Amino acid sequence: MKVPPFLRPWSTTLSLTSLLMCLSPTLSWGAEAPLGFTQKAGQQETSVEQRFDQAINKGDLRDWMEFMSSRPHHVGTPFGKKVAEFIAGKFKEWGYDTSIETFYVLFPTPKERALTLLAPEHYDAKLTEPALAADHTSSQQNEQLPTFNFYSKDGDVTAEVVYVNYGIPSDYEQLERLGIDVKGKVVIARYGASWRGIKPKLAAEKGAIGCIIYSDPRDDGYFEGDVYPKGPYRMAEGVQRGSVMDMPLYPGDPLTPSEPATRDAKRLPMDEAPTLAKIPVLPISYEDALPILRSLSGPVAPGSWRGALPITYHVGPGPAKVRLKVQADWNLVPIHDVIARLPGSEYPDQWIIRGNHHDAWVNGADDPISGLVCLMEEARSISELVKTGWRPKRTIVFAAWDGEEPGLIGSTEWVEAHVPELADKAVAYINTDGNGRGFLQASGSHVLEKLINQVAGDVKDPEKGVTILARRKSRDLVLADPNKRRELLGSQTIHIGALGSGSDYTPFLQHMGISSVNLGFGGESGGGSYHSIYDSFDYYTRFGDPKFEYGEALSETAGRLVLRLADADILPWDFTGMAQTVQRYLGELTGLVDSMRTQTDLENRLIEEGDYDAYFDPTKTFVIPKEKSAVPFLNFAPLQNAVSRLLDVASDYADAYQTFVKDPSAHQGVPLDQVNQALLLTERALTRTQGLTGRPWYRHYIYAPGFYTGYGVKTLPGVREAIEQRQWEEADQQIRITADVLNAYSDKIAGVTGLLQH
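Residues numbered from 1 in each chain as written. Predicted model: local features only at pLDDT ≥ 70, side-chain atom pairs only at ≥ 80, totals over all residues. Heavy atoms only, no water.

## Structural notes on the overall build of the chain
Secondary structure assignment for the chain yields 24 helices and 16 strands. Relative to a compact globule of 758 residues, whose C-alpha radius of gyration would be 27 Å, the chain shows 26 Å and is just as compact. Out of the 758 residues in the chain, the part that is buried amounts to 63%. Considering the chain, the positive charge centre built from 76 side chains and the negative charge centre built from 98 side chains are found 2 Å apart. (Helix = DSSP H or I, 4+ residues; strand = E, 2+ residues; numbered from the N terminus. Rg over C-alpha atoms; globule rule 2.2 N^0.38 Å. Buried < 20%, exposed > 50% of the residue type's maximum accessible area, 1.4 Å probe, protein only. Lys, Arg positive; Asp, Glu negative; His and termini not counted. Charge placed at Lys NZ, Arg CZ, Asp CG, Glu CD.)

## Remarks on the packing of aromatic side chains
This model, assessed by the stated rule, comprises 29 aromatic pairs. Plain terms: the ring middles of Trp64 and Trp94 are 5.6 Å apart, the flat faces sit at 50 degrees to each other, and that makes the pair tilted. Here Trp64, found in helix α3 (residues 58-68), pairs with Trp94, found in the loop between α4 (78-93) and β1 (97-119); they are 30 residues apart in sequence, far enough to count as distant. Residue Trp94 is classed as buried on the basis of its relative accessible area of 13%. Aromatic ring contacts, followed pair by pair, group Trp64, Phe91, Trp94, Tyr96 and Phe398 into a single cluster. (Phe/Tyr/Trp six-rings, centres within 6.5 Å; stacked < 30°, edge-to-face > 60°.)

## Comments concerning the packing of helix α14 (residues 468-479) against helix α15 (residues 482-489)
Running from amino to carboxyl end, α14 crosses α15 at an angle of 155 degrees, the nearest separation of the two axes being 8 Å. Judged by the inter-axis angle, α14 sits roughly antiparallel to α15. Contacts between α14 and α15 involve Lys473, Asp476, Leu477 and Val478 from the first element and Arg485, Leu488 and Leu489 from the second. Partitioning the contact of α14 with α15 into residue classes produces 4 nonpolar, no polar and 3 charged. (Axes fitted to C-alpha atoms, helices over the stretch in contact; angles between N-to-C directions. Parallel < 35°, antiparallel > 145°, perpendicular 65-115°, else oblique. Contact = heavy atoms within 4.5 Å. Nonpolar A, V, L, I, M, F, W, Y, C, P; charged D, E, K, R; others polar.)

## Side note on the pattern of salt bridges
Under the counting rule described, the total for this entry stands at 34 salt bridges. With its nearest N and O atoms 3.3 Å apart, the salt bridge here joins Asp461 to Arg471. Taken together, the residues Asp461 in the loop between α13 (449-456) and α14 and Arg471 in helix α14 connect sequence positions 10 residues apart. The pair Asp461 / Arg471 is uniform in exposure class, with both members buried. Arg645 is the salt-bridge partner of Asp747, the closest N and O atoms lying 2.6 Å from each other. (Salt bridge = Lys/Arg side-chain N within 4 Å of Asp/Glu carboxyl O.)

## Quick word on the packing of α3 against helix α9 (residues 365-387)
Two numbers describe how α3 lies on α9: the axes approach to 9 Å, and their chain directions differ by 135 degrees. Compared by their axis directions, α3 and α9 come out oblique. Crossing angle aside, the handedness with which α3 passes α9 is right-handed. Seen from α3, the contacting residues are Asp60, Leu61, Trp64, Met65 and Met68; seen from α9, they are Ala365, Ile369, Ser370, Leu372, Val373, Cys374, Met376, Glu377 and Arg380. A class-by-class count of the residues in the contact of α3 with α9 yields 10 nonpolar, 1 polar and 3 charged. (Left-handed = near helix turned anticlockwise from the far one by under 90°.)

## Quick look at the pairing of strand β10 (residues 347-357)
Burial of β10 is extensive: 9 of the 11 residues sit out of reach of the surface. Bridge analysis of β10 against strand β11 (residues 394-401) gives 8 bridges, and the strand direction is parallel. Looking at the pairing, Gly355 lines up with Ala399 of β11. Taken together, β10, α9 and β11 form a β-α-β motif whose crossover is right-handed. Across 5 bridges, β10 lies against strand β12 (residues 426-432) in parallel orientation. Bridge assignment links Ile353 to a residue of β12, and that residue is Tyr429. (Pairing = 2+ DSSP bridges. Right-handed = clockwise from strand over helix to strand, strands pointing away.)

## Some words on the confidence of the model for the chain
Averaged over the chain, the pLDDT score is 93; the fraction of residues at 70 or greater is 93%. Contacts of residues 9-30 to residues separated by more than four positions or lying in other chains number 44 contacts, the stretch itself having pLDDT below 50. (pLDDT = per-residue confidence, 0-100.)

## Regarding the environment of Ala125
Residue position: Ala125 is located in the loop between β2 (123-124) and β3 (149-150). For Ala125, a relative accessible area of 14% gives the class buried. Measuring from C-alpha to C-alpha, the distance between Ala125 and Asp288 comes to 5.4 Å, with 163 residues separating the pair along the chain. Beyond its immediate stretch of four places on either side in the chain, Ala125 contacts Leu115 and Asp288.

## Here's the deal with the pairing of β1
Bridge count between β1 and strand β9 (residues 321-342): 21 bridges; the pairing is antiparallel. Its bridge partner lying in β9, Ile100 is registered against Val338. As paired strands, β1 and β2 are joined by 2 bridges and run antiparallel to one another. Residue Leu117 lies in a different strand from β2, and its bridge partner there is Tyr123. Following β1, the chain reverses through 3 residues before pairing antiparallel with β2.

## A word on α9
With 23 residues, α9 extends 31 Å from end C-alpha to end C-alpha; this agrees with the ideal 33 Å at 1.5 Å per step. Counting buried residues along α9, 20 of its 23 residues qualify, which places the element largely inside the surrounding structure. (Expected span 1.5 Å × (residues − 1).)

## Overview of the side chain of Ser411
By secondary structure assignment, the location of Ser411 is in helix α11 (residues 409-417). Look at Ser411 and you get buried, because its relative accessible area is 0%. Excluding residues within four positions of it along the chain, Ser411 makes contact with Asp337, Trp401, Asp402, Asp504, Pro507 and Phe508.

## Quick word on the environment of Ala320
With respect to the element layout, Ala320 can be found in the loop between α8 (286-294) and β9. Accessibility expressed as a relative area gives 0% for Ala320, which makes it buried. A C-alpha to C-alpha distance of 68 Å links Ala320 and Gln658, two positions 338 residues apart in sequence. Setting aside chain neighbours within four positions, we find Ala320 in contact with Leu117, Ala119, Pro120, Ala159, Glu160, Val161, Ile292, Ser295 and Leu296.

## Details of unusual backbone geometry
The residue after Ala119, namely Pro120, is reached through a cis peptide bond having omega 5 degrees. The residue Pro120 is located in the loop between β1 and β2 in this model. Note the cis peptide between Asp367 and Pro368, where omega equals 20 degrees. Checked against the element boundaries, Pro368 lands in helix α9. In this model, Leu127 sits at a positive phi of 55 degrees, which is unusual for a non-glycine residue. Examined against the element boundaries, Leu127 turns out to sit in the loop between β2 and β3. By relative accessible area, Leu127 is classed as buried at 5%. In this structure, Ser258 is a non-glycine residue whose phi angle is positive, near 70 degrees. For Ser258, the position within the fold is in the loop between β7 (242-243) and β8 (281-284).

Structure representation (structure tokens):
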């Protein structure tokens with residue numbers, strides 16, 4: 001699944017990067033021991049990692065990708081099972097305790113798809129992607145899934161069309177100002193700006209009866225560069241398949257929320273499954289979208305709504321009128337998770353879990369095989385270390401998930417099947433999901449930020465010769481505004497992002513409270529093959545990572561994280577960075593309230609004075625909206641006090657940790673097994689069993705996918721989304737709840753500090 005290329009912040013190649021790399025020093029941690037290790041243990045760890053690097057073979061990555069992407073292998077296919085068995089066979093060959101866990105999940109396959117423009121002209125959408133001579137697997141049409149949005153409602157609807165831009169909440173606010181209602185209409189939205197499932201979700205809430213999603217060339221086509229097969233961008237006939245499950249409610253099998261989808265599991269009736277789309281949805285190419293969009297009249301679309309098709313973009317409604325028909329076979333199909341274990345020598349009941357999915361929408365060379373082969377090479381290289389007598393202190397679990405593409409199903413069902421074990425034993429989860437050339441991207445739990453920086457400072461960029469940390473820092477400097485750039489120049493580290501959703505870390509972090517990170521390289525690979533028949537070995541070896549150099553770099557990066565987490569004397573958590581990050585999130589919330597108050601006051605004054613339309617655009621006539629309720633005073637004191645305390649206890653822990661690693665005499669009497677078990681559980685304290693309001697599956701109170709963004713994260717989500725939705729009483733309540741969560745987290749950290757000072 002992963003985040004589409006056009007939603008990534010690094011999607012433009014940087015012309016100043018080479019210059020900045022000449023100015024940027026190679027960042028090094030010098031004599032400082034890796035986080036979590038004493039000086040002596042850190043030296044031993046460095047030796048282990050060097051031997052690990054030497055065992056990595058780029059040729060394996062290429063060979064395994066060529067086989068696993070040789071045929072389509074979506075959920076439920078014979079070749080999908082064969083891929084799982086191939087992976088399991090490799091793990092067994094390398095000496096891992098390996099099993100395949102099978103679940104039975106709802107997976108619709110398209111039976112009928114039709115889209116016809118009825119007026120003012122007639123056009124039957126092609127809804128196909130042509131085979132190309134330059135892409136030899138694109139001709140496997142009998143095995144390919146047709147272009148389809150999975151978990152769309154079956155339906156046959158006819159109506160006028162309204163163009164809704166990306167189909168996100170702010171777009172519907174703009175339509176309201178234009179006096180346009182989508183009730184009873186079919187909306188057409190372009191991909192981007194949110195999880196695709198948000199588009200039909202919002203459209204249905206606004207009264208639309210159907211939804212079409214297309215890839216605009218401005219976001220994902222010739223506007224960005226040459227299209228496939230000449231270049232890496234989406235061709236006119238290219239279509240992005242994908243699920244439209246309402247994942248911000250819960251991921252996984254739609255019929256078994258919070259319970260594993262075993263063969264005999266109790267299942268919801270389909271008409272009661274809340275994550276299934278409520279209206280028919282269909283994805284189309286920009287070739288098929290053009291006749292519809294050029295047939296619209298009504299207001300000219302706002303500037304930010306205009307794509308790169310050779311038309312004037314109008315909003316409608318009509319006179320474009322379409323008939324949209326979608327019907328699927330709704331079946332239960334098996335999915336196959338591959339689980340491989342290497343038991344720990346000292347802490348076998350503390351698990352480091354490393355995962356990547358293996359299912360694809362079609363051939364899936366980039367998404368997901370380019371990340372999966374890196375995971376497999378890490379596992380093989382670690383097995384070579386074992387042959388020399390090395391054993392990890394903690395158990396390492398490698399997982400190749402099935403069913404990720406429809407809705408993170410394989411990982412979610414596995415987590416739901418192993419809740420008690422994971423609650424007690426899971427230390428961290430490390431995820432990848434596709435890989436390409438370019439810059440390191442890392443997001444995750446901020447207790448891991450310092451560890452990720454240290455690892456990134458020890459891995460070389462294969463093209464530039466500096467560390468991947470230095471190259472990423474150079475990119476950040478180029479993209480930063482002048483004020484932010486001054487701040488970045490004063491720091492040798494990078495900030496990792498926060499996790500929303502879009503890949504298999506979601507059940508680990510946001511349901512279980514397991515510290516997690518998502519890694520990958522990208523920014524120089526184009527991305528026009530995403531979820532199409534052209535996500536192939538031919539495409540990847542031309543545009544993705546032709547020499548598999550960044551595959552090697554990803555193996556070195558993720559492998560180091562696995563090794564350090566597995567062997568650290570003390571789990572390498574950095575609570576100071578975490579506390580400072582939460583403090584920053586709180587500042588964003590108070591700033592959000594201030595800006596909403598200012599904006600509301602201004603808009604209400606303009607409405608009262610009758611000058612609202614001129615404020616927005618003097619060339620247009622707008623419907624004057626209703627006045628908004630004033631933004632009240634919100635008492636952030638409980639949250640501010642909780643953050644202040646968190647900063648203090650994080651500082652106390654940092655002092656105790658430094659004493660432990662630097663003073664050998666301080667090691668005596670420290671119950672390391674208790675310290676590590678207590679550290680393992682700290683992230684759990686950031687969850688509540690009751691979960692977030694309206695979606696209890698999501699339990700984490702620092703990170704969650706946005707209810708109306710999906711991919712995009714909402715930090716401090718209970719408070720933030722209540723404010724954004726102007727639910728002021730709920731916001732007050734969530735401030736107090738979140739403060740209680742942070743205080744419980746501080747209690748856990750203080751407890752670990754006490755153990756270290758034993």
